[in-house]
Structures are given as structure tokens and as C-alpha cells.
Amino acid sequence: MLDKHADYIAVYGSKKDDYEYTLSEYLRMSGIYWGLTVMDLMGQLHRMNRNEIVEFIKSCQHESGGISASIGHDPHLLYTLSAVQILCLYDCMDALDVDRVVEYVKGLQQEDGSFAGDKWGEIDTRFSFCAVATLALLGKMDAINVDKAIEFVLSCMNFDGGFGCRPGSESHAGQIYCCTGFLSLTGQLHQVNADLLGWWLCERQLPSGGLNGRPEKLPDVCYSWWVLASLKIIGKIHWIDKGKLRAFILACQDEETGGFADRPGDMVDPFHTLFGVAGLSLLGDEQVKAVNPVLCMPEDVLQRRGLQPDVLS
Amino acid sequence: MHNSFTKLHGRVKVKTTAQQEEEKKKEREKKLKIYVAARDACFAKRKEGIKDEEALELTQQLLSSNPDFATLWNQRREILMHLETIKDEDEMQKIYESELHFLESCLKVNPKSYGSWFHRGWVSARLPRPNWVRELSLCDRCLSLDDRNFHCWDYRRMVVKMSGVPVEKELEFTDRLIGSNFSNYSSWHYRSTLLPLLHPESPDPKSSGDPPSSQAHSHRVCEEQLLKEYELVQNAFFTDPNDQSAWFYYRWLLGRADREEMISCVYVSRDEERVVVGFSRPVNVNVFILFVEVILECLAVVLLFSIVLLGTIQWSTNVNVLVFRSELSVEKTSVLQSELQSCNQLQELEPLNKWCLLTIILLMRALDPLRYEKETLAHFETLKEVDPMRSAYYSDLCSKFMIENTILKMEYAEVRVFSISDKNLTTLCHLDQLVLVTHINLSSNQLHRLPLQFAMLQCLEVLEADSNLIENLEGLYHLPNLEEVLLRNNNLQPLASCPKLKHLDLRGNPVTLSDGIEAEIKALLPSVTKLLL
Ligand SMILES: [Zn+2]
């Protein structure tokens, strides 16, 4: 099956005139990151067009230092992180003006320590994660006020031990992934109430074996990754039934076309293909490379950069 | 990273014939042309710096079907800001109102678009004469369609803040929502943020003068209001005992503030020139204190030099009682007792309800952990049977409680021997309470590892851990007094930890001088083919 998944990703990137492909241009940089990361996890990175992608990234860096999803689009932290992740996979960070990337990230930090996604000022703990993940990969964490950034993320902690987008926002697995990842990268995991949060997270597992992102929601491969990675980060991955989750993820594969969908029987896409394969890796599947739970990148890539984010044991 | 991928979710795969496929392809090609033309027209306008109403029109076309195209919202904002400089207030009011109208239609089609909600907040804040009542009623309508839409909840919180809606009003709003549907995690969550604002816990005389905690989740609620909340939650879980929302909320209500930061133990040894200080929570080591070794993640700091301040602090077993009760309420025993009665009633009706069983265990622990030990253990067994997917969670929680009970039972004189064998322990915790222990017996449990926090047992001389599942010895480093280790019948497999190890160079280490070292290492690591000593 792995070959089929790799074929699916390789072909997806080549259908540039496709309507659906064009519609998703606004997130292209992240799309490339998903595709390349899952290819690397499967040992198939060489099948992608490295030169074309690196040139594309160069052309997406703006005057401000930030990187956009595609040419003609505006820069944003989401795509700045994706671009930096891609260049880590390819080990060619010098394709970017790194100092200006750092300036861009730094410039988005607010008085209260939070980060805006871009100059228009939307605030979200996702952007706090993007900021520190970008800087950690560049080895420039000291460029921002880390203490203030931590204070803001902790102010988003809720009664259930989880985290939301902003102070007062409801806990959500994607947000929890960002915040535990953030606290890992900033060396603050002891601030998490691992027993309480771990309970909430392991309660995301449903009878199908899949995990949902919030109480009373449907299971989904991408939420399975966010919950699983968060559990790994706080040292409680053994609190879910790994065998059942593995079976759920495998049931989301499309055996004809390759790729993974959000749920069994739905259409596949590169986003869920990455999180399906990454989930299998965290569950200990030895056919794919080991994935890092904090940055969702192959461990060997991070080792090359000398980066080993904390996880609780 | 994830932005908004609602489009990628829930698309059911349907089988199509070749002919249908061909027709669809043509249709898509047509749509693609129109789309690309519209996109290029928008980009061209922007490149030329044209900020007119036609540009608004063009971006509107695209955004109404693709609201996640963030750059187009940015373009609209640039145009609107430009119009502000050339139009008067009444004209702007009209333009912004039509923008809100457009946004409402976008949200109807795609109520989970980050871009649309952010833009709505941006517009509302710039409107010359904002109408917050209308915005609140928009939220009401949106939440009546999907009461879990967190974008809408967040927007509502922004509107409430901007327009100064009193907290009581919002609490009443959650009353209404919960009243119509108990199973609404979002509403319970909102209550958890409102109650502490409206009914703060009366200040604790002990902690007065301390700066308030920076963490919102530790804010507590006054007792009078708590009693009312208990009633509301009980209504919820008696109505639908399988609805997790109310149970999560109940566990929070019953809880109390975080464990206080304090020194749980101090040990001074003149012979070893060593001072050991155990803290109840992670501490930021002051730079003025000389410290040599900080053991991370283990809530402890080991200081290798004697320091002066320690003379007055003494080990006391009384501390333990407070420490372990702290996870559950400080409320009056009578209140907890009546909560336990209610849960027991429900359990009679629903003997296999896991939420109820877990809550009963927590209440029993808050009331009297030792008296209820037997019942607690029995309930844990039932829990693992009715909810096998989470049996590892229950085992770890049960282990924690068993360790607490064993510590509670320790007499002052026995403080140096800690024995907890044959209790199905799967994890070790509270090691900060065991700094003085010289002899620990963990035999016949289910432990897979001795955690790094084991380094807190600085006085440990004898470790008995026969018949467990221990895989490696990582927790045994940094134990200077250890004399005897019993690890019969475990899972120690150096092979498993480094199965691919082929080349081992140990030259220049004192260990290489000992007799028979080569044979020993080869026995431990048979995969090593090249050994340098
Ligand atoms: Zn998904």
C-alpha cells in the first residue's frame, strides 16, 4: 500500500491545471509541506521536484521576510512555517533570507505575548506555535520575548486542562497540539496538567478506534494525529487503545487510488494522507520513518538540525 | 499546519461511470477558466493599486464560494480603508453595512471559515455606528443552527467584550442553552470561565497578599454558588448519564486550585556534604543559590552544597494529608457526602456507567481515601471492564491512589522504609514524598520502567523490584547510596534498547580496567561485533 500512497502524492502535485488544485492555491505552501513530509516518511522524497519547489519558495518570500502560500498571495505565519519546514526536509535553508524571516516573526508578536498570523492582526495560539516552531527550526528562539509568549499560551488553558484559540476559547485537539507543542519547544511542559489533559485526550477515542477533536464530534484521521501527538508530548500515549486506532487509520486508506481520507469511505487528500501516515509512525509502524510529535517532521531531519524538542516521559 | 480545511472533510466518495466522468471533467474545465479569470482580475487591480467598487465586486464573487482565500479579504480591507479616506461617515456606514450583509451570506454557506469571522470582527470594530445587538442576535441564530461552532462562540465573546454585556447576562445565556440541551460542552465550558468572574471564591486568609495566579483555570468559585451548580449538573447527568459534557464539568467543580508550591522535604547529610530539597511543584531555581544539578521533570532540585536557610524546615507526615486531598474539593465533608450519595443512587440505576463510577472514586478519595480503599479498588476493576479502551488510564490513576494511600499509612518511624508490593502498580509518582526512604520494595507490580524522577530517592540503599516488567535502568542513575538492587524476573533487554549496536568504543574509561569486562559486555550486547576497550 505504501507505494500506492506515494504514487497518489506524486501525481497530485503534477495536476496543476486541476480545478480543485487551483482552488486550494491559498494554502499551497502547506500543501507542499504535507506532500513532501509524507513522502519523506515513506522514504520517497526523491520523487518530488526539489529544484522547482525551492525556486517556488524563494519566489514566495516577501519584502517583509514573511512567506506566502503561493505567488501573488500575502505572507502569513502559517506558510512561513511550512516553507521553513520544507527547506529543513531539503536541508537548504540558505534558499531563504533567514534574517528577514526572523524579523517577520518577531514583528508579529504583540504586547501580551501573543502572535498575529499576519499584519492584519488575527490572534490565535496556532500562530504562537508557528512562531516558535519557525524560530526553533532556524535556531533563533531568542529573537522574541519567550516569557511573554509562554504567559499568553498559558492564559488559554481551560478547566479541562486543554487549550483554545484565545483566552476563554473552548479546548480543541488542534489547538491543544499547538499549545503542547509550543510548551515543548519553550521547555515549559511542566506547566501542563498532564493527568487532567491526558484524561480529556484519551476520552477522544471512540468505539471505532478513531479519535475526535472535541467531545461529541465524529472521529477523523487528522484529529487522531493531533490527539495522538499531544498524548505523546505529555507522556500519555499509552492511555489510548493503539491497536484500535491503527485499525481505524488503515480503514481510511483508499486501496484503489492510494491516499487517506478523514473517515472510511470519504475522498482522500494529501492533508489526511500525511496525518494518517504520521499517526501510524507514532503508533510504532516500522515501515515508515519515525515522526517527531511536536513538529510533524521525520526525526532524522530534526537530528540533522540538532533539534530534539522535549516530551514528558 | 492547519488553517481551515472544512472543504477536505466529509466528502463521500461516489462511483461514477466513464461518461459521467467525462461530463464532470468538462464542467470543471469551464469552472476553472472562470475562476482563474476572476482571480487574475483581482490580482491585476491590486497590482495597479486600483481600490474601487469594481474591485470589491470582483473579490466578492470569489470569496462567496471560496472564503478561505485570505489574500482577497486583505485586498477588501485595503479597499475599505481607502474608501474611508474619500467617503463621509454616512456613506461608510452604508458600505460597511453591506459588507456585513455579504459576510452573513458567506457564513451561511460556510459557518466555519476563519477568514469570514475575522473579517466580520474587523468590520464591526470599524463601523462608525456599531450595532452590537444585531451582532449578538447573529450569534444566537448561528448557535441555534450549530451550538458547538467555536468560531461563533469566539466571535460572541468578542462582541460581549466590545459592547460590555454584563457577565450575569452571559451566564443566563448558558442557562438557556443548557436548559434546552444538556449535552453542550461549549456551554459548560463557557460557564467555567464566567462563574469565577461572577462568584469568586472568598479570598483565602493564608494566601492574602500573594499575587493572583496567572492561570485562569485555577480560579475557583464561592461555595454558595457551587451548591447551585452541583444541582444543575446533577440534573444533567441524571437526565443523560452517558453525556460526558456534564461529567467533565462536574470533575472541575469538585476540584480545587493547583497543588501549592511548597517544600515537601529537606534532607541534610554532613557526611556526604549534601542537601536535598524536594519541591511539590517545578521551581525556578534562583540564580543566587549555588546549584550543581537540576533534575528536570522531577519536581526536585538537588543541591550539593549546604545552604543556610534550611535549619527551620522539618519533615512532617502531616503535610501528606493535605497534599493528596488537594485534587478534590476543600468543601465541607457534609457537602461531599451528599454528592457521593447522589452518585451512588445513580450508580444503582446505571451500574456500568463509567462516568459515574469514576466520579464516585474521586469523591471517596476526597472524603476518606483509606476508609474507602477496598470499594475504590473494586470500582476500578469494574471501570477497566466496562471501558477497556482506557484501561491503562485507570491503571495509572489507581496506582497513583495506591501510592498515596501507602504514604498516608506510613508512620513517622517508618519513614525510611516504603513497601508497596503486589498492588498492580503501572506507574510511579509522588517520589518527592519519598526523599528520605532508604529501602523501597516495589516487587510484584506491573512497572515497565523506573522513571527519571527516581533520582529523588537520594537516600536509597536497597531497591527491591523483582517480578515487574522493567525494561531498562535509566532511573537508577544519580543514586549515590544505592547498595543493593533486586531485579529478578523483569524485562531487562539491553538488546531491545539498542538492537543495531555493532560498534562500541569504551577506550579510556575506568570500567575497562575491571576483570572479565569483555566477556560481560559481549554477554550483554551480543550484537556488538567490534568492541574496543
Ligand atoms: Zn480531518
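Residues numbered from 1 in each chain as written. Chains lettered and ligands numbered in written order. Predicted model: local features only at pLDDT ≥ 70, side-chain atom pairs only at ≥ 80, totals over all residues. Heavy atoms only, no water.

The name recorded for chain B in an unreviewed UniProt entry is Geranylgeranyl transferase type-2 subunit alpha, from Periophthalmus magnuspinnatus. Recorded under Catalytic activity (unreviewed entry), the UniProt text for chain B is reproduced unchanged: "geranylgeranyl diphosphate + L-cysteinyl-[protein] = S-geranylgeranyl-L-cysteinyl-[protein] + diphosphate". What UniProt records for chain B under Sequence similarities (unreviewed entry) is the sentence "Belongs to the protein prenyltransferase subunit alpha family." (UniProt positions renumbered as here; feature names shortened; annotations may be inferred.)

The name an unreviewed UniProt entry assigns to chain A is Geranylgeranyl transferase type-2 subunit beta, from the organism Periophthalmus magnuspinnatus. The UniProt entry for chain A carries this comment under Function (unreviewed entry): "Catalyzes the transfer of a geranylgeranyl moiety from geranylgeranyl diphosphate to both cysteines of proteins with the C-terminal sequence -XXCC, -XCXC and -CCXX." Quoted verbatim from the Sequence similarities (unreviewed entry) field of the UniProt record, the comment on chain A reads "Belongs to the protein prenyltransferase subunit beta family."

Pairs of packed helices are described in terms of their axes, by the angle between the two and the distance that separates them. All names here are of chain B. For the pair helix H5 (residues 114-126) and helix H6 (residues 132-145), interaxial distance at closest approach is 11 Å and the crossing angle is 160 degrees. In this view, H5 runs roughly antiparallel relative to H6, as classed from their interaxial angle. As for how H5 packs across H6, the hand of that crossing is left-handed. Along its contact with H5, which presents Trp117, Arg120, Ser124 and Ala125, the element H6 presents Trp132, Glu135, Leu138 and Cys142. By residue class, the composition of the contact of H5 with H6 is five nonpolar, one polar and two charged. (Axes fitted to C-alpha atoms, helices over the stretch in contact; angles between N-to-C directions. Helix = DSSP H or I, 4+ residues; strand = E, 2+ residues; numbered from the N terminus. Parallel < 35°, antiparallel > 145°, perpendicular 65-115°, else oblique. Left-handed = near helix turned anticlockwise from the far one by under 90°. Contact = heavy atoms within 4.5 Å. Nonpolar A, V, L, I, M, F, W, Y, C, P; charged D, E, K, R; others polar.)

We now examine the packing of aromatic side chains. Taken as a whole, this structure holds 35 aromatic pairs over all chains when the rule is applied. Plain terms: the ring middles of phenylalanine 159 of chain A and tyrosine 249 of chain B are 6.2 Å apart, the flat faces sit at 70 degrees to each other, and that makes the pair edge-to-face. You can see phenylalanine 159 of chain A sitting in the loop between helix H8 (146-154) and helix H9 (173-185) and its partner tyrosine 249 of chain B sitting in helix H11 (residues 244-254), one on each of two chains. Pair check on accessibility: phenylalanine 159 of chain A and tyrosine 249 of chain B agree, each one buried. Between phenylalanine 159 of chain A and tryptophan 252 of chain B, the aromatic rings sit 5.9 Å apart at their centres with planes inclined by 80 degrees, giving edge-to-face as the arrangement. Note that phenylalanine 159 of chain A is positioned in the loop between H8 and H9 and tryptophan 252 of chain B in helix H11, a pairing that runs across two chains. Across the pair, exposure class does not vary: phenylalanine 159 of chain A and tryptophan 252 of chain B are buried alike. The structure contains a cluster of three or more aromatic residues connected by ring pairs, namely Trp34, Phe129, Tyr177, Tyr223, Trp225, Trp226, Phe271 and Phe275 of chain A. (Phe/Tyr/Trp six-rings, centres within 6.5 Å; stacked < 30°, edge-to-face > 60°. Buried < 20%, exposed > 50% of the residue type's maximum accessible area, 1.4 Å probe, protein only.)

We now examine helix H5 (residues 77-89) of chain A. All names here are of chain A. An ideal rise of 1.5 Å per residue puts 18 Å on 13 residues; H5 measures up with 18 Å between its terminal C-alpha atoms. The buried count for H5 comes to 13 of 13 residues, which makes it a mostly enclosed element. Positive phi shows up at aspartate 91, right after H5, with a value of about 50 degrees. (Expected span 1.5 Å × (residues − 1).)

Once that is clear, we can look at the sheet that holds strand S8 (residues 484-486) of chain B. Residue and element names in this part refer to chain B. Spatial strand order, S5-S6-S7-S8: four strands in an open sheet with parallel pairing. On the outer flanks of this sheet lie strand S5 (417-419) and S8, each paired with one strand and no other. For this sheet, the mean inter-axis angle between neighbouring strands, taken without regard to orientation, is 0 degrees. Relative to strand S6 (residues 439-441), S5 runs parallel, the two being bridged by three bridges. Paired with phenylalanine 418 across the bridge in S6 is isoleucine 440. (Pairing = 2+ DSSP bridges.)

All names here are of chain A. Within helix H6 (residues 98-107), burial applies to Val98, Val101, Val102, Tyr104 and Val105. What you see down the axis of H6 is that its buried residues fit within an arc of 160 degrees, all on one side. In H6, the exposed residues that point more than 90 degrees away from the buried face are Asp99 and Gly107. Its buried side turned inward, H6 meets H5 and helix H7 (125-138). (Arc of directions from axis to C-beta.)

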